[in-house]
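# Examining the three-dimensional arrangement
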Amino acid sequence: MKSQGKNIKKVYLLYPPISKKERYSSEIGSAGGDQIPLGIYYIAAYLRNNGFEVMITDAEAENLKTDDILKQLHDFDPGYIGISSTTVAFHRALETANSIRKEFKDKKIILGGPHITSNVEHAMSFEVFDYGVLQEGEITIIELLDALNNSTTIANIDGIAYRNEKNDL
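Residues numbered from 1 in each chain as written. Predicted model: local features only at pLDDT ≥ 70, side-chain atom pairs only at ≥ 80, totals over all residues. Heavy atoms only, no water.

Summed over all chains, the structure comprises four salt bridges. Between Lys-107 and Asp-77 there is a salt bridge whose closest N-O contact spans 2.8 Å. You can see Lys-107 sitting in the loop between helix 4 (90-103) and strand 4 (108-112) and its partner Asp-77 sitting in the loop between helix 3 (66-76) and strand 3 (80-84), a full 30 residues away along the chain. The exposure class assigned to Asp-77 is partly exposed, which follows from its relative accessible area of 26%. (Salt bridge = Lys/Arg side-chain N within 4 Å of Asp/Glu carboxyl O. Helix = DSSP H or I, 4+ residues; strand = E, 2+ residues; numbered from the N terminus. Buried < 20%, exposed > 50% of the residue type's maximum accessible area, 1.4 Å probe, protein only.)

Right, dumping it as structure tokens:
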């Protein structure tokens, strides 16, 4: 894999937009709480402490649409895009990832969060996701990005999912 130039140390982390109605299956107004995506904030802090420039977007809290996210990506121009998703929000993560892929064909999209950890086969059955990071991903994401940036093997990194040359998990 060729390096992505100056952007290999830039990572965009996203929690996809999801409405309270989608999360709770009813119109509950302000009674339903917002879900703070702590995982991406932990990942961002770890990445920053290891020399990466990071932009975090909580599209739910910021009430962003896909076009807003695409504009942020154009402006920030990261080498990698990480999307965190619960099972409830997975359809939004997938929809957003597909829009990102159409706009940024060569960017690597990495899925993390509870959904891929609990159902890796389902999550990685969608080819829009290049890699998956399972469970607690702070150390794993550094190992994965370092391997990708240095064009070294990822086969020995614990806690990741990816397809091989035959497109098998």
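Here the narrative resumes.
The next point concerns the sheet that holds strand 3. Strand order in the open sheet formed by six strands is 2-1-3-4-5-6, and the pairing between neighbours is mixed. Of all the strands in the sheet, just strand 2 (53-58) and strand 6 (160-162) have a single pairing partner and so form its edges. Between one strand axis and the next, the sheet turns by 20° as a mean value, whatever way the strands run. Against the sheet, helix 7 (residues 138-149) touches strand 1 (10-15), strand 3, strand 4, strand 5 (131-133) and strand 6, its axis set at about 155° to strand 5. (Pairing = 2+ DSSP bridges. Axes fitted to C-alpha atoms, helices over the stretch in contact; angles between N-to-C directions. Contact = heavy atoms within 4.5 Å.)

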